[in-house]
Amino acid sequence: MEKKAHLAKRDLPPREASAVLLVLLVLLLNALLYLYLSDLHGSSGRAETDPSLCPFGYFKLGSVKNCSPWLSCEAINREVRKLKCVGEGAVKKVFLSEWKENKVVLSQLTNIELKEDFLHGLKMLKALQSRHVVRLLGFCEKQFTILTEYHPLGSLRGLNETLHIPKYKGMNTWHRRLMLAIDYVSVIRYLHSSPLGTLVMCDSNDLDKVLSQYLLTSDFHILVNDLDALPLVNKSSGRLVKCGHRELRGEFVAPEQRWPYGEDVPFDDDLMPPYDEKTDIWKIPDVSNFFLGHVEGSDIVRLHLFDIHAACKKKDPAKRPSAQEILDTYRKVLTLLIREVAMPGTREML
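So, a few notes on the structure that sits alongside this text. Not measured: the values here are computed from a predicted model. Counting restarts for each chain: residues are numbered from 1 in the order of the written sequence. Per-residue local features of the predicted model are confined to residues with pLDDT of at least 70, and side-chain atom pairs are confined, for both listing and counting, to 80 or more; whole-chain, interface and lining totals are unaffected and use all residues. Neither water nor hydrogens contribute to the side-chain values; these are computed over all heavy atoms in the structure.

Considering empty space enclosed by the protein
Thought 1: A 1.4 Å probe that fits into a set of points on a 1 Å grid over the protein atoms alone but cannot get out defines a cavity; an open set with protein on both sides within 12 Å along at least five of seven lines defines a pocket, and lining residues are those with an atom within 4 Å of a point. Grid points are joined across faces, edges and corners, and a volume is the space filled by probe spheres set on the points. For the coordinates displayed, the defined rule picks out one cavity of 30 Å³ or more.
Thought 2: The calculated volume of the largest cavity comes to roughly 50 Å³.
Thought 3: Lining the largest cavity are Lys242, Cys243, Gly244, Arg246, Leu248, Gln257, Phe267, Asp269, Met272 and Tyr275.

What about the packing of helix H6 (residues 174–192) against helix H8 (residues 278–292)?
Thought 1: Relative to each other, H6 and H8 sit at 160°, their axes nearing to 8 Å. When the axis of H6 is compared with that of H8, the two are roughly antiparallel. The element H6 and its partner H8 pack so that their crossing is right-handed. Residue-level contacts link Arg177, Leu178, Leu180, Ala181, Tyr184, Val185, Ile188 and His192 of H6 to Asp280, Ile281, Ile284, Val287, Ser288, Phe290, Phe291 and Leu292 of H8.
Thought 2: Just so you know the grouping, Ala, Val, Leu, Ile, Met, Phe, Trp, Tyr, Cys and Pro go in nonpolar, Asp, Glu, Lys and Arg go in charged, and all remaining residues, Gly too, go in polar. When the residues that make up the contact of H6 with H8 are grouped by side-chain class, the tally is 12 nonpolar, two polar and two charged. In this analysis an axis means a line fitted to C-alpha atoms, helices contributing only their contacting stretch, and an angle means the value between N-to-C directions, from 0 to 180 degrees. Secondary structure elements follow DSSP: runs of H or I of four or more residues count as helices, runs of E of two or more count as strands, with numbering from the N terminus. When describing relative orientation, an angle under 35 degrees is termed roughly parallel and one over 145 degrees roughly antiparallel, while 65 to 115 degrees is termed roughly perpendicular and anything else oblique. For any helix crossing, the convention is left-handed if the near helix is rotated counterclockwise from the far helix by under a right angle, and right-handed if that rotation is clockwise. Any two residues whose heavy atoms approach within 4.5 Å are treated as being in contact.

Describing the sheet that holds strand E4 (residues 92–99)
Thought 1: The five strands lie next to each other as E3-E4-E5-E7-E6, forming an open sheet whose pairing is antiparallel. At either margin of the open sheet sits one strand with a lone partner, and together these are strand E3 (80–88) and strand E6 (136–140). The sheet shows a mean angle of 25° between the axes of neighbouring strands, taken without regard to direction.
Thought 2: A strand pair is defined by DSSP finding two or more bridges across the two strands. Looking at chain direction, strand E5 (residues 102–109) and strand E7 (residues 145–149) are connected through five bridges and run antiparallel. Directly across from Val105, in E7, lies its bridge partner Thr148.
Thought 3: Running over the sheet, helix H4 (residues 115–127) touches E4, E5, E6 and E7 and is turned about 40° from E7.

Focus: the state of the cysteines
Thought 1: To count as a disulfide, a pair of cysteine sulfur atoms needs to be within 2.5 Å. A complete count under the given rule lists three disulfides for this structure.
Thought 2: Each sulfur in the disulfide pair Cys54 and Cys67 lies 2.0 Å from the other. One disulfide, between Cys54 and Cys67, carries an S-S torsion of -85° and so falls in the left-handed class. Note that Cys54 is positioned in the loop between helix H2 (14–44) and strand E1 (58–59) and Cys67 in the loop between E1 and strand E2 (68–69), a separation of 13 residues in sequence.
Thought 3: Relative accessibility decides the category of a residue: with a 1.4 Å probe and only protein chains considered, values under 20% of the type maximum give buried, values over 50% give exposed, and everything between is partly exposed. With relative accessibility at 33%, the residue Cys67 sits in the partly exposed group.
Thought 4: Disulfide partner of Cys73: Cys140, at an S-S distance of 2.0 Å. Measuring handedness by torsion sign, the sulfur bridge of Cys73 and Cys140 sits at about 95° and is right-handed.

Some words on a nonpolar patch on the surface
Thought 1: Residues Tyr261, Val265 and Leu271 make up a contiguous nonpolar surface patch of about 270 Å² in total accessible area.
Thought 2: For Val265, a relative accessible area of 35% puts it in the partly exposed group. Candidates for patches are residues over 30% relative accessible area with no salt bridge; among them, like charges are joined within 9 Å and nonpolar side chains (Val, Leu, Ile, Met, Phe, Trp, Tyr) within 5 Å. Only the protein chains shown count as cover for residues, and all accessible areas are computed by the Shrake-Rupley method using a 1.4 Å probe. A pair is scored as a salt bridge if a Lys or Arg side-chain nitrogen falls within 4 Å of a carboxyl oxygen belonging to Asp or Glu.

Re the nonpolar core
A general tendency of soluble globular proteins is for nonpolar side chains to be buried together.
Thought 1: Within this scheme, the nonpolar core is defined by two criteria: the residues are buried Ala, Val, Leu, Ile, Met, Phe, Trp, Tyr or Cys, and they are joined through side-chain atoms within 4.5 Å. Judged by nonpolar contacts, the single largest core of 75 residues is most densely connected at Leu128, Leu178, Tyr184, Tyr214, Phe291 and Tyr330.
Thought 2: Considering each element in turn, this core owes the most residues, 12 residues, to H6.
Thought 3: Discounting residues that sit within four places of it in the chain, Leu178 has contacts with Leu292, Val301, Leu305, Tyr330, Val333 and Leu334.
Thought 4: Grouped together as the second largest cluster of nonpolar side chains are 10 residues, Val200, Val233, Leu248 and Tyr275 included.

As structure tokens, this is what we get:
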């Protein structure tokens with residue numbers, strides 16, 4: 001008995017003790033990494049519904065605990081005060097406004113000929129409320145008005161400028177930028193498997209246009225904001241889409257979106273073949289390249305994403321990966337690189 005006790009208490013040799021300690025550190029790192037990525041996946045869109053969201057037809061704003069019904073025409077006219085115009089596009093004008101001491105965004109139709117686009121955007125906004133979509137606060141169809149949550153950092157067009165503000169410089173790292181790319185692909189994945197079916201992000205003919213469709217939240221996540229051009233694909237019934245009725249040019253749009261009959265044949269929308277959601281997949285590498293920027297470590301991330309991005313650029317749309325496959329790859333790369341940064345040389349030591 002005394003001998004067994006003596007053996008149980010004996011000290012491990014330094015080499016064995018170091019190995020045991022290293023294994024424990026690796027296990028601890030994996031546990032922390034699991035918790036970190038679980039939080040990331042939840043916040044960047046793995047769960048389609050957000051516990052903080054209210055039932056359909058209601059919203060919650062700021063620190064208020066109770067849900068309020070979407071504001072009606074009467075409530076908007078009575079309680080919402082315009083402060084200043086902050087943007088104008090082909091379809092609508094956007095005003096920074098105030099409601100019960102909260103900053104909000106009021107969007108109003110500017111071209112009555114585009115009212116169908118405006119109402120389609122409202123329909124999508126109502127149907128797709130989730131952690132991926134800007135929060136709807138109210139609307140007035142007869143006045144062509146929509147009220148949404150305000151995000152002071154604005155659209156993704158200003159991302160690089162935001163990251164140079166002293167307050168946000170700490171966010172300007174390869175892993176934060178990769179997390180934004182993950183958020184973006186999460187939105188595309190959600191649209192491709194939405195409650196309404198497979199939706200195509202048509203307002204995306206160049207990088208600047210893509211970035212203008214999304215908002216950057218104060219906690220550095222991405223929300224889709226503009227849903228005016230979001231047609232439905234249904235391959236089983238043969239329903240495909242065309243993004244507008246004009247000829248699209250340039251390398252940013254997918255090959256199938258370009259006029260296929262050469263320069264000698266004038267463009268004719270009736271002859272232009274339709275396409276599916278894989279046009280969104282073609283554009284993902286270019287958008288992600290913008291997110292990654294040119295910070296330390298971003299080239300390593302690009303190297304790890306090379307194969308999946310090459311697959312996105314295949315000429316045959318059917319051979320491109322799904323948004324889910326891209327999302328899975330991005331998450332694996334993030335996990336791998338965080339592990340390598342946290343414990344470089346671990347494999348060799350073991």
